[in-house]
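A structural walkthrough
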Amino acid sequence: MNRLPLALLSLVGFFLLSGCGGPGSGDSCDGGDYVCQDDAQALECRNGTWRPLACRGPLGCRELADSVRCDTSLNQENDGCATDAEGKGVCSPNGAALLTCQQGVLVKTKDCSSCAVQDSQAVCQP
């Protein structure tokens, strides 16, 4: 039996399988979907491209039956933020700053003596 076709078939199979799996950051996409890339990072389909979103909180990234949950409670300045978070503020992990989602990135918008979430809104004490 000729071993070359078998070796070639194995090599082609390897390349086909290595392309399998979920989307990656920078891959093209349609719609506004979310997926968990791993336990600490989600991907959001935004403007036709999968963008990374950190899920630094203790609950990380979880795919439920009808949604994706990304715990952003410990996210930091310059982390990516989701479309539905645009214009919304969160407290920095140390409570010393207010971070606001602007154009898909968390930006420090105010220094705080303390920052806390009250009624689902970040409140910064000067």
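Here we summarise the structure given alongside this text. (Residues numbered from 1 in each chain as written. Predicted model: local features only at pLDDT ≥ 70, side-chain atom pairs only at ≥ 80, totals over all residues. Heavy atoms only, no water.)

**Some remarks on the sheet that holds strand S7 (residues 97-102)**
Within the open sheet, the three strands sit side by side as S6-S7-S8. Their pairing is antiparallel. At either margin of the open sheet sits one strand with a lone partner, and together these are strand S6 (89-91) and strand S8 (105-111). Each strand axis lies, on average, 35 degrees off the axis of its neighbour in the sheet, ignoring direction. In this sheet, S7 lies alongside S6 in antiparallel orientation, the contact comprising three bridges. Bridge pairing in S7 links Gly89 to Thr100. (Pairing = 2+ DSSP bridges. Helix = DSSP H or I, 4+ residues; strand = E, 2+ residues; numbered from the N terminus. Axes fitted to C-alpha atoms, helices over the stretch in contact; angles between N-to-C directions.)

**Considering the pairing of strand S3 (residues 49-54)**
Both strand S2 (residues 41-46) and S3 contribute to a ladder of six bridges, which runs antiparallel. The residue bridging Arg46 from the neighbouring strand is Thr49, located in S3. Taking the residues that link successive antiparallel strands as the turn, the S2-S3 hairpin has two residues, and the phi of Asn47 there is positive, at about 55 degrees.

**Considering the pattern of salt bridges**
Inspection of the entire model under this criterion finds four salt bridges. Notably, a salt bridge pairs Arg56 with Asp79, separated by 2.7 Å at the nearest N-O pair. Remark: Asp79 occurs in the loop between strand S5 (68-70) and S6 and Arg56 occurs in the loop between S3 and strand S4 (61-63); sequence separation between them is 23 residues. Residue classification places Arg56 among the partly exposed positions, given a relative accessible area of 40%. Classification of Asp79 by relative accessible area gives buried; the value is 8%. Taking the shortest distance from any N to any O, the salt bridge between Asp111 and Lys108 comes out at 3.0 Å. Lys108 gets classed as partly exposed once you look at its relative accessible area, which sits at 40%. (Salt bridge = Lys/Arg side-chain N within 4 Å of Asp/Glu carboxyl O. Buried < 20%, exposed > 50% of the residue type's maximum accessible area, 1.4 Å probe, protein only.)

**Re the layout of surface pockets**
Estimates place the volume of the largest pocket at around 760 Å³. What lines the largest pocket is a set of 33 residues, among which Cys70, Thr72, Ser73, Ala85 and Val90 lie closest to the centre. The set of elements that each furnish at least two residues to the lining of the largest pocket consists of S3, S5, S6 and strand S10 (121-125). Class assignment of the residues belonging to the lining of the largest pocket gives a composition of 18 nonpolar, ten polar and five charged. (1 Å grid on protein atoms, 1.4 Å probe; cavity = no way out; pocket = protein on both sides within 12 Å on 5 of 7 lines; lining within 4 Å. Points joined across faces, edges and corners; volume = space filled by probe spheres on them. Nonpolar A, V, L, I, M, F, W, Y, C, P; charged D, E, K, R; others polar.)

**A closer look at the state of the cysteines**
Scanning the model with the defined rule gives six disulfides in all. Sulfur-sulfur distance for the disulfide between Cys29 and Cys45 comes to 2.1 Å. Between Cys29 and Cys45, the S-S dihedral sits near 100 degrees, and the bridge is therefore right-handed. Here the residue Cys29 occupies a position in the loop between helix H1 (3-18) and strand S1 (34-38), and Cys45 occupies one in strand S2, the gap between them amounting to 16 residues. For the residue pair Cys29 and Cys45, the accessibility class agrees, reading buried in each case. In the protein, the bonded cysteines, taken in the order they occur along the sequence, pair up as 1-3, 2-5, 4-6, 7-9, 8-11, 10-12. (Disulfide = S-S within 2.5 Å.)

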